[in-house]
Structure formats: C-alpha cells, structure tokens
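Coordinates in review
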Amino acid sequence: MQLTKIRLGDYIERSTINNKDLKYGEELIVGVNNQGAFTLPKGNVDGVNLKPYKIVDNGAFVYNPTRLELGSIAYRTEGLCIVSHLYMVFYLNEEGKKIIDPMWLYIYFRRDEFCREVTFRNFGSQRPEFNFNDMSEIVIPLPDINVQHKYVKIYNALITNQQCYEYRLEDIKLACDAYIDRLKRSRDGVPIRKYVKQIDNRNEQNRKNTFKGLSMDNYFIDSIADTTELDFSKYKIFAPKEFGAVLMKVGRDGRITIARNDSDEDYLISPAYYTFRIMDINSDYFMACVNRSEFERRGWFSCDTSARGSLSWDEFLNLTIPNADKNEQNIISELHRILLIRMRINDQLKEQIRNICPVLIKGSIEEAQKTKEA
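First, a word on what this report is: a plain description of the structure on this page. For clarity, every value in this text was computed on a predicted model and none was experimentally measured.

Once that is clear, we can look at the pattern of salt bridges. Oppositely charged side chains may form a pair once their charged atoms are brought near each other. What the rule picks out here adds up to 25 salt bridges. Across the pair Lys184 and Asp181 runs a salt bridge whose closest N-O atoms are separated by 3.9 Å. Highlighted residues: Lys184 and Asp181, both in helix H5 (residues 145–186), separated by 3 residues, approximately one helical turn. The class of Lys184 is partly exposed, set by a relative accessible area of 37%. Given a relative accessible area of 21%, Asp181 falls into the partly exposed group. A salt bridge links Lys184 to Glu294; its shortest N-O distance comes to 2.9 Å. Linking Lys184 in helix H5 with Glu294 in helix H8 (residues 293–301), this pair joins segments that are 110 residues apart in sequence.

As structure tokens, then:
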C-alpha cells in the first residue's frame, strides 16, 4: 500500500474509562490548549469532583469537542493523566497501529486544513461540537507507514530543537525567582499602592482602535468577543506602557492577570478591566514581581466569597512586592526582559513547527503518489 483513503473510524476506538474509584488525584489533571499541547489547569481545582474525569495514558488522542476547530487536540506521550469528562479520548485500534504512525496522524490534525474541515462539518449547528462519531467519519489520504515514519522523524527533530530551547527558559526563570525570593527574605515588602496610579480613560469620541483582551498568560490578545452593536464609547483607551488587570475572577481562576501594553498603539479594552500607570519603580521589575505565582496566591487569598471570587481594587493595592533598590531592580528587570524575549522566540519556534505541519503532510502524500505511479 502506497497511498489509500481510509475512514478514520475503522482504525480508532473511543475510551470512556473514568476515575470513578478516585485512584488519581488533582496533581494529574491536565487540559488541552489550542497549541496542541497538554497544560496544567489554570483555574482552582480544589474540591472538584474527580470521579467523572477520564483516564488518559500514552498513545491517546485527546480533544475538546467544542474547540477542535481552534486546534485543541493533543497526543499523549508523557505518561498517565486525567482530563475533563467533556473531552473526547481515543486510541488507535490494533488494525490502526499496523498502518498509521500516531505522530503522523497528530501532524495531520495540527493543520489549518483540518481545522477548516471541522468548521465546515459543524456549520449550522446551534452549539458546534465535534463528537466521536464526527471524528470517525473523517476520510484521510494515508501514505505507506514507512513514508509516514520518514516525515515524522523530520517533525520530531524540530520538536527536539524547540524543547531544548524551552528547557533553558526554566533556568532563566529560576534565576529571576531566586533573586526575588532572596530579597523577600531579607527585607519587608512594600504595598504596590505606593507605585500604582489608577487611570480611567474612556473612549468618549468612539475611536475605532484595536479591540484587545487579556490572556491568562499575561499578555494582550485580539479579543474574541462579539463586537456587533457594541457601544465602544464606554470602553477604555489603553495607551502604550500602561498596565491592565483582571480582578473579577481571581478566586475562580486562582490567578491575577496583569499585562502591560508593550506596543506603540492605543488599544480598546473592556471597561471591566482595571487600568493603571506605575511610578517610581522599574516597570520590568514590577512585572517580574506581580506575574509570580506567589503574588497571585496572595491575591487569591484576599478575594471575596462570590462565585467568581473577585479581588477588590483596594485589596489589590495592599498586595506587596520586595523593596528593592535601583541596582537590584535593574538586575531582576534585565533577567525578566531576557526571559520575555526568549519566550517570544520560543513561541515563534512553536508557530513555525505548526506551519510546517501541512508541508510535511503534503510531502508525504505526494511521495506516496509518485511511488504508486512508478
């Protein structure tokens, strides 16, 4: 067999095995992001009922059926974990293992072409959800498994290079955190109200600036909100070098989202966000301190008891950071800037790897076609 078309459902089997015996705990919970990777949960998982969580082992494909068109599918190679009962989990069956390299199939799923097919199949649904039956009906042009192996080796080499780069990021982060921890142990903290000045610059002239939202990873992203009939005159103008914070769901998410506008343009952001400038402190040092998980935990502790767990502006200002002199601030800020630069490069490497997925799939299919014709 050089190239054939297969119905995926003939070669995969769904798994619904759950954690009903509570054999596995919160430390094994993961989610799937739109980068095709498993991630730790961003929200608070304390007290979550783990019985319906699905058990995932190596060799499993896991996807979010309501976000598959965004690329939320991952292949498990890092050992056992548990995922939300809302996720779909499937494995190659015995016949599938004979003719399909699972990494080749994962590369196939990581293409924009596949995401567009999912979107097309979901068209007209009131609540688009790509279930296992939908996945089973996918028809795939499949090269010979030896051809698949060849292109998987290229992909794995790129992944290895990116992971080596990412591994070094942890060294920089550890150095930055260790320096801040040393300062914290050697002196009293200072409430951030000393450095923060709240601003509330409304878009009264209804200017059509870029509409942004805040990612939970502390940077600005294009908003996914429906802007139809929105009155942007109530939104906030967010200027370069200003800071934005999301405080209304700190308890629910277990973190504080704080980001700085590092662009050269004004943004429009939700009026629900707090915006502020900082004074008398190195802005990179400030960012290095407030984006730490320890700072976020103290914010979580100070939340109210509402369903979302909001953090009041006054309680936010009472949170402290180490009192560092200018030289110490400069050292930490330099580490933090290097970390951010390398994180952006790492993100670019990941994006390049995703962009090469369609090239690899196309190459494997064309090679199989040529072999068949010969």
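Before going further, it helps to spend a moment on the sheet that holds strand S12 (residues 196–199). Taken together, 4 strands build an open sheet; the order of strands is S12-S19-S16-S17 and the sheet is antiparallel. Lying at the two open borders of the sheet, with one neighbouring strand each, are S12 and strand S17 (257–260). Geometrically, the sheet is characterised by an average inter-axis angle of 30° between neighbouring strands, direction not taken into account. When S12 meets strand S19 (residues 274–278), the two strands line up antiparallel, connected through 4 bridges. Its bridge partner being in S19, Ile199 is matched across the sheet by Thr275. Those strands touched by helix H7 (residues 283–290) are S12, strand S16 (243–246), S17 and S19, and its axis lies near 160° from that of S17.

Among the nonpolar cores identified, the biggest contains 41 residues, and Phe109, Met135 and Tyr155 are the most heavily contacted of them. Of the residues forming this core, the biggest block, 7 residues, is contributed by helix H2 (residues 102–109). Counting residues in each nonpolar core, the second largest holds 33 residues, with Val190, Trp313, Leu319 and Ile321 among its members.

With their axes 9 Å apart at the nearest point, H2 and H5 run at an angle of 70° to one another. In terms of axis orientation, H2 runs roughly perpendicular to H5. As H2 packs across H5, the resulting crossing turns out to be left-handed. Of the residues in H5, those touching H2 at Met103, Trp104, Tyr106 and Ile107 are Gln148, Val152, Tyr155 and Asn156. For the contact of H2 with H5, the class distribution of residues is 6 nonpolar, 2 polar and no charged.

This paragraph deals with the sheet that holds strand S6 (residues 61–63). The 4 strands lie next to each other as S2-S9-S6-S7, forming an open sheet whose pairing is antiparallel. With one partner strand each, in any of the chains shown, strand S2 (12–14) and strand S7 (73–75) form the two edges of the open sheet. Across the sheet, the mean angle from the axis of one strand to that of its neighbour is 25°, orientation sign disregarded. Here 3 bridges tie S6 to S7, and the two strands are oriented antiparallel to one another.

In this structure the tally under the stated criterion is 0 disulfides. Summary of cysteine pairing: Cys357 is not part of a disulfide, and the nearest cysteine sulfur, belonging to Cys115, is at 10 Å.

Turning next to the packing of aromatic side chains. What the rule picks out here adds up to 23 aromatic pairs. Aromatic side chains Phe243 and Phe276 sit 5.4 Å apart centroid to centroid with 15° between the ring planes, which places their arrangement in the stacked category. Here Phe243 is found in strand S16, whereas its partner Phe276 is found in strand S19, with 33 residues between them in sequence. For the residue pair Phe243 and Phe276, the accessibility class agrees, reading buried in each case. By way of ring pairs, the aromatic residues Phe61, Tyr63, Tyr75, Phe90, Trp104, Tyr108, Phe109, Phe114 and Phe132 are connected into one cluster. Of note, Arg76 hangs over the ring of Phe38, and the distance from its end group to the ring centre comes to 4.8 Å. The aromatic ring of Tyr108 is capped on one face by Arg111, whose charged end is 4.0 Å from the ring centroid.

Here we take up the environment of Ile145. Tracing the chain through its elements places Ile145 in helix H5. Judged by its relative accessible area of 18%, Ile145 is buried. For Ile145 and Lys208, which are 63 residues apart along the polypeptide, the C-alpha to C-alpha distance reads 52 Å. When residues no more than four places from it in sequence are discounted, the contact partners of Ile145 are Lys97, Lys98, Ile99, Ile100 and Asp101.

Despite not being glycine, Leu22 has its phi angle at roughly 55°, a positive value. Relative accessible area serves as the criterion here: at 46%, Leu22 is assigned to the partly exposed category.

Attention now goes to the side chain of Gln162. Of note, Gln162 is situated in helix H5. Given the relative accessible area of 6%, Gln162 is considered buried. Excluding its chain neighbours within four sequence positions, the residues that come into contact with Gln162 are Asn346, Leu349, Lys350 and Ile353.

Think of an α-helix as 3.6 residues a turn; residues three or four steps apart then line up on the same face. The element H7 is largely enclosed, with a buried count of 7 among its 8 residues. Within H7 the residues assigned to the buried category are Asp284, Tyr285, Phe286, Met287, Ala288, Cys289 and Val290. For H7, the N-terminal capping position is held by Asn282, with its side-chain oxygen 2.9 Å away from the main-chain nitrogen of Asp284.

Procedures and definitions
- Residues numbered from 1 in each chain as written.
- Predicted model: local features only at pLDDT ≥ 70, side-chain atom pairs only at ≥ 80, totals over all residues.
- Heavy atoms only, no water.
- Salt bridge = Lys/Arg side-chain N within 4 Å of Asp/Glu carboxyl O.
- Helix = DSSP H or I, 4+ residues; strand = E, 2+ residues; numbered from the N terminus.
- Buried < 20%, exposed > 50% of the residue type's maximum accessible area, 1.4 Å probe, protein only.
- Pairing = 2+ DSSP bridges.
- Axes fitted to C-alpha atoms, helices over the stretch in contact; angles between N-to-C directions.
- Contact = heavy atoms within 4.5 Å.
- Core = buried A, V, L, I, M, F, W, Y, C linked by side-chain atoms within 4.5 Å.
- Parallel < 35°, antiparallel > 145°, perpendicular 65-115°, else oblique.
- Left-handed = near helix turned anticlockwise from the far one by under 90°.
- Nonpolar A, V, L, I, M, F, W, Y, C, P; charged D, E, K, R; others polar.
- Disulfide = S-S within 2.5 Å.
- Phe/Tyr/Trp six-rings, centres within 6.5 Å; stacked < 30°, edge-to-face > 60°.
- Lys NZ or Arg CZ within 6 Å of the ring centre and 35° of its normal.
- Polar contact = N/O pair within 3.5 Å; in protein donor to acceptor, adjacent residues only side chain to side chain.

All quantities given are derived from atomic positions and should not be read as evidence of function.
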